[in-house]
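Observations on the model geometry
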Amino acid sequence: MPNGDEREQVWITGIGLISSLGVGIDEHWNKLHGETPPRPVIDEGRFAPYTVHPMPEIDVAQQIPRTSDQRQMDRWQKFGVYAAGLALQDAGIAGNDALLDKTDLCIAAGNGERDIALDSRILATADADGDAASRLNTELMTGLRPTLYLVQLSNLLAGNISIIHKATGSSRTFKGEEMAGVSAIKNAVDRIKAGQGDLFLVGGALNAEREDFLLGCELTGGLYHGPHKSVWDRQGENDGFIPGSVGVFLVLESSSHAKARGAMPYAQIAGIASDRSPRAPGDIAATASTLLKELPLDTSNRELFVMSGASGVRATTAEELQFLSNVQKAGIEPVIRAWGSIFGHTHEAHFLVGIALAALALSKSEFYPPFDTSGVEHTRKTWADQILVTTFGHWRGEGLGLVQSVW
Amino acid sequence: MSNDTLDHKGRPLVAVTGRGVVTSLGIGKSDNWTKLTAGQSGIKPIRRFDTRGLKTTIAGTVDHFDIEPYSAFDLSTAMAEAAAAEAIEEACIGSRSSFPGPLIIATPPSELEWPHLRQLYNALPDSDISGYARLLASARSGKHADLARHVRFAAIADRLKDRFSTRGEPLSICTACASGATTIQLGLEAIRRGDTEAALCVGTDATVHPEGLIRFSLLSALSTVNDAPQKASKPFAKRRDGFVIAEGAGAVVLESLSAAKARGAPILGIVRGCGEKADSFHRTRSNPDGAAMIGAIRKTLDDAGVTPEQIDYVNAHGTSTPENDRMEYLSLKAVLGEHLANTPVSSNKSMIGHTLIAAGSVEAVFSLLTIETSILPPTINYDEPDPDLPLDVVPNTSRSKSVSTVLSNSFGFGGQNVCVVFSSEPA
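Residues numbered from 1 in each chain as written. Chains lettered and ligands numbered in written order. Predicted model: local features only at pLDDT ≥ 70, side-chain atom pairs only at ≥ 80, totals over all residues. Heavy atoms only, no water.

A word on the overall build of chain A
Put simply, the test is: Only DSSP runs of H or I with at least four residues qualify as helices, and only runs of E with at least two residues qualify as strands; both kinds are numbered from the N terminus onward. Atoms counted for the radius of gyration: C-alpha only. Globule rule: 2.2 Å times the number of residues to the power 0.38. Summary of the burial criterion: residues with accessible area below 20% of their type's maximum are buried, those above 50% are exposed, and those between are partly exposed, where the area comes from a 1.4 Å probe applied to protein chains only.
Looking only at helices and strands, one finds 15 helices and 13 strands in chain A. What you see for chain A is a C-alpha radius of gyration of 21 Å, in line with the 22 Å of a compact globule of 407 residues. For chain A, the C-alpha atoms occupy an extent of roughly 75 × 55 × 40 Å along the three principal directions. A burial count over chain A gives 66% of its 407 residues as buried.

This is the structure we're talking about:
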């Protein structure tokens, strides 16, 4: 714990981000900060009637040099390991064995990927000879790659980061859709503030370009059908989320630790608050209002800059607008940007993308132009020194984060 | 807060005030402890599904619940609820409408199983589309929303939060076979931070379905001693040939010792410390120098403020794979040194198999029962010791010994190493 009056701050000292927009934090800034709404990269054909935001071709060897390691991973893990490497480089930790040995991992993850071709073949043929059970056994015994399980285990993204980048302090993987990202970063922030650790690698990844992932989303009734529209433009008709591939990692550090090694922050995390409401009508807005009170919001600001994790799922998105409307009624004008319109909805990684974008904007002393033309997102009048990041799960969980300037 | 409720670093001491457990041996502490200390095995031939064509046909299935048809989600949830209810009842904490702290739960993978895939596929019998396009077309009909719980990662946590009215956002975590221990570590840290006075920590896993079994089989991790199921799991023995996949759940209620004392709760033990260290060697194997396991044990003892000589007993991870047991021995030897020769070590997995995600939770409950009853459960099937692993494994029959400090180890795929030290209440 810090001595005397000096409070330990939670600094973001490294960001690694890859998405449909490109590779690296600089490329994202270049595409996002101009005067006009950035154009999302979308693929409406491959998985029709579903749209996805695809990951561009990435030379994974730049972060995962050994082909033997690449073979042990599926796409979501490669995205995550790649982004983790970028974040470690950005923070000046990559290659520093002493720092990596004490780096604690907090990862948000879902499951890995199934063998679509094998599943499809078994489903097409398994009943044909009237001996489905033993045939299933034989097909799986001979068809499954032995290593497939290792891309399916949630914690093997963390495992691969430890193997490839040698970050080995400790390793915790949080699950639970959008709230996994909130849980992961909240755990790191809580531990830094309490002196239970001072150097963390926090992140997540999603490969949205998978039929098995889309199947799970469709079963939960969350997927948007049809051509791309912004999250706000989807309200009132065919609502739902459009998934996006992403890898995002942040290096979080206690301010004293960062100062001691001369690391410069993008921004600091002033607080993370989360809950899980029962989700009766009105619960999300009410819970968010309660959570907001837990954050050290500077109420003297006339505008509240909001990076909104709105998914496009109708009830959740509508209640988020209700929550922000209540803020407005209290005399503070929300200046909203929903990054889901540009990146897609990135599930476990979603909240962390919002935190990364907020930190990037604060480090540039700028904010983003509206991400769509629906009218929900209007231009700013003042400058941001605090940005509220929201993410409400498409079926459960509410999370808020407050990112603010260090100086 | 008085000094007798703070630890050696001035942090709040954390007590265990409730315990619950489900394994193939039965539901609840009483049934489990009676059978476990009698050296009884819960491993048996798999009846749940057709095992023709499989190399391994045995498991430690939990068959005490009326879950028909079986699914990993439904059985995992039922076991977790039973274990948590038992722990809460023992702790006598909160009320029906309020557990006064968060839920931290380790749960198995959330995925569709083959009966679910078939249900979706067969729902369009006359379709000329195939593969996942057909599954997606079925899903789009909206008629299969009942399957959503299987693919939602937070669904088990959500059920338990509603059932026990825990506070805040429930955490779902996965650190592979160290997950149960991780839930206890997260609870311990939260109470030390002062975020909460209590936490409900649960681990549950019911992954004995064809693909779950086959995944481990293809990694050559499972015993193939199918003709003698109860003999198959033989931790630290010379002819050990793999672990036996099993099901179970464990739960503990953690409280700050000061809060527990203030309400007159039973103090069933103290979580003295936790430690973890990630390995970077291989996805399923430890670095041959044991650095990460050794690091985890050392960090744990340091966190707990106990010396190696103060460890009275080790509840081993002890999977019965050639690799794990050898590395666990080497790591214990490196940290405990000469003291290891005088330290009994049991593997509960000799009787209940490897309950995977739940293992650390189940073994925490057994560690605490060891402290309470002064009975060391045996390591059965220790008929032929491995001369390279000279351990006092409490061979084949239980032993009476007063125990005040237990080291419980949990090691998982992906380089996950988490250890916990439990002790009796400080005098």
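Considerations on helix H3 (residues 75-90) of chain A
Residue and element names in this part refer to chain A. Our working rule: Between the first and last residue of a helix there are one fewer steps than residues, each counted as 1.5 Å, and that sum is the expected span.
Between the first and last C-alpha of H3 there are 22 Å, a value that for 16 residues agrees with the 22 Å anticipated at 1.5 Å per step. Where burial is concerned, most of H3 is hidden: twelve out of the 16 residues are buried. All buried positions along H3 are accounted for by Trp76, Gln77, Phe79, Gly80, Val81, Tyr82, Ala83, Ala84, Gly85, Leu86, Ala87 and Leu88.

With respect to the UniProt feature "domain: Ketosynthase family 3 (KS3)" (unreviewed entry) in chain B
Stated precisely, the cut-off is as follows: UniProt positions are given in the numbering used here, feature names are shortened, and annotations may be inferred rather than shown by experiment.
Within this numbering scheme, the UniProt entry marks residues 11-424 of chain B as carrying the feature "domain: Ketosynthase family 3 (KS3)" (unreviewed entry). As annotated, residues 11-424 of chain B has a helix share of 35% and a strand share of 18%, and its two end C-alpha atoms lie 17 Å apart.

So, the pairing of strand E11 (residues 333-338) of chain A
Residue and element names in this part refer to chain A. How we decide: Strands are labelled as partners when DSSP assigns at least two bridges between them. Consider the strands pointing away from the viewer: the crossover is right-handed when the path from the first strand over the helix to the second runs clockwise.
With five of its six residues buried, E11 lies for the most part within the structure. Across six bridges, strand E10 (residues 303-308) lies against E11 in parallel orientation. By the bridge assignment for E11, Val306 is matched with Ile336. In this region the chain leaves E10, passes through helix H13 (residues 314-329) and returns to the parallel neighbour E11; the handedness of that crossover is right-handed.

Focus on the packing of helix H2 (residues 72-91) of chain B against helix H6 (residues 155-164) of chain B
The packing of two helices is summarised by the inter-axis angle and the distance between the axes. Residue and element names in this part refer to chain B. Let me state the cut-off plainly: Orientation is described by lines fitted to C-alpha atoms, with helices fitted over the stretch in contact, and by angles between N-to-C directions that extend from 0 to 180 degrees. Left-handed describes a crossing whose near helix is turned anticlockwise from the far helix through less than a right angle; right-handed describes the clockwise counterpart. It only takes one pair of heavy atoms within 4.5 Å for two residues to be counted as in contact. Polarity classes work like this: nonpolar for Ala, Val, Leu, Ile, Met, Phe, Trp, Tyr, Cys and Pro, charged for Asp, Glu, Lys and Arg, and polar for all others, with Gly in that last group.
The geometry of H2 relative to H6 is characterised by a closest axis approach of 10 Å and an angle of 35 degrees between their N-to-C directions. Here H2 and H6 pass one another in a crossing that is right-handed. Note on element contacts: H6 touches H2 through Ala155, Ile156, Arg159, Leu160, Arg163 and Phe164, opposite Phe73, Ser76, Thr77, Ala80, Glu81, Ala84, Ala85 and Ile88. Partitioning the contact of H2 with H6 into residue classes produces nine nonpolar, two polar and three charged.

Things to note about the packing of aromatic side chains
Rule in force here: Working definition: a ring pair exists when centres of Phe, Tyr or Trp rings (six-membered ring for Trp) sit within 6.5 Å. Plane angles under 30 degrees give stacked, over 60 give edge-to-face, the rest tilted. Over a ring means this: the NZ of a Lys or the CZ of an Arg is within 6 Å of the ring centre and within 35 degrees of the ring normal.
The tally for this structure, following the rule as stated, stands at ten aromatic pairs over all chains. Seen from their ring centres, B:Phe216 and B:Phe413 are 6.3 Å apart, and the 40 degrees between their planes marks the pair as tilted. Highlighted residues: B:Phe216 in helix H8 (residues 210-218) and B:Phe413 in the loop between strand E14 (405-412) and strand E15 (416-423), separated in sequence by 197 residues. Comparing B:Phe216 with B:Phe413 shows no difference in burial state: the two are buried. Ring-pair connections join several aromatic residues into one group, and the members of that group are A:Trp29, A:Phe305, A:Phe367, A:Tyr368 and A:Phe371. A:Arg234 extends its terminal NZ or CZ atom over the ring of A:Tyr224, reaching a point 5.3 Å from the ring centre. Its guanidinium or amino end placed over the ring of A:Trp383, A:Arg380 lies 4.1 Å from that ring's centre, counting from NZ or CZ.

Looking at the domain arrangement of chain B
Residues and elements named next belong to chain B. Basically, it comes down to this: As used throughout, domain bounds are those supplied by an automatic or database domain assignment. When two parts are brought into contact, each loses some accessible area as probed by a 1.4 Å sphere; the total of that loss over both is the buried area. When a carboxyl oxygen of Asp or Glu is within 4 Å of a side-chain nitrogen of Lys or Arg, the pair counts as a salt bridge. Polar contacts, as used here, are pairs of N or O atoms within 3.5 Å; protein pairs need one atom able to donate a hydrogen and one able to accept it. Residues neighboring in sequence count only if both atoms are side-chain atoms.
You can read the domains of chain B as domain 1 (14-111 + 152-422) and domain 2 (114-150). Here domain 1 and domain 2 have C-alpha centroids that lie 36 Å from each other. At the interface, nine residues of domain 1 touch five residues of domain 2. Of the roughly 620 Å² buried where domain 1 meets domain 2, counting both sides, 46% is carbon and sulfur surface. At the junction of domain 1 with domain 2, the criterion picks out one salt bridge. The partner of Arg149 in a salt bridge is Asp74, with the nearest N and O atoms 2.8 Å apart. Here domain 1 and domain 2 share four residue pairs in polar contact (both at pLDDT 80 or more) between them. Broken down by class, the residue content of the side of domain 1 that touches domain 2 amounts to two nonpolar, two polar and five charged.

Observations concerning empty space enclosed by the protein
Definition in use: The distinction between a cavity and a pocket rests on a 1 Å grid over the protein atoms alone: a 1.4 Å probe fits inside a cavity but cannot get out, while a pocket stays open yet meets protein on both sides within 12 Å along at least five of seven lines, and a residue with an atom within 4 Å of a point counts as lining. Grid points are joined across faces, edges and corners, and a volume is the space filled by probe spheres set on the points.
In the structure shown here, the tally under the stated rule is six cavities of 30 Å³ or more. Counted as a void, the largest cavity has a volume near 440 Å³. Every residue lining the largest cavity is counted, 27 residues in all, and those nearest its centre are A:Arg210, A:Asp212, A:Phe213, B:Val151 and B:Phe153. Breaking the lining of the largest cavity down by element, the ones donating at least two residues are strand E7 (199-206) and helix H10 (211-219) of chain A. At five residues, H10(A) tops the list of elements feeding residues into the lining of the largest cavity. Within the lining of the largest cavity, the residues separate by chemical class into eleven nonpolar, nine polar and seven charged.

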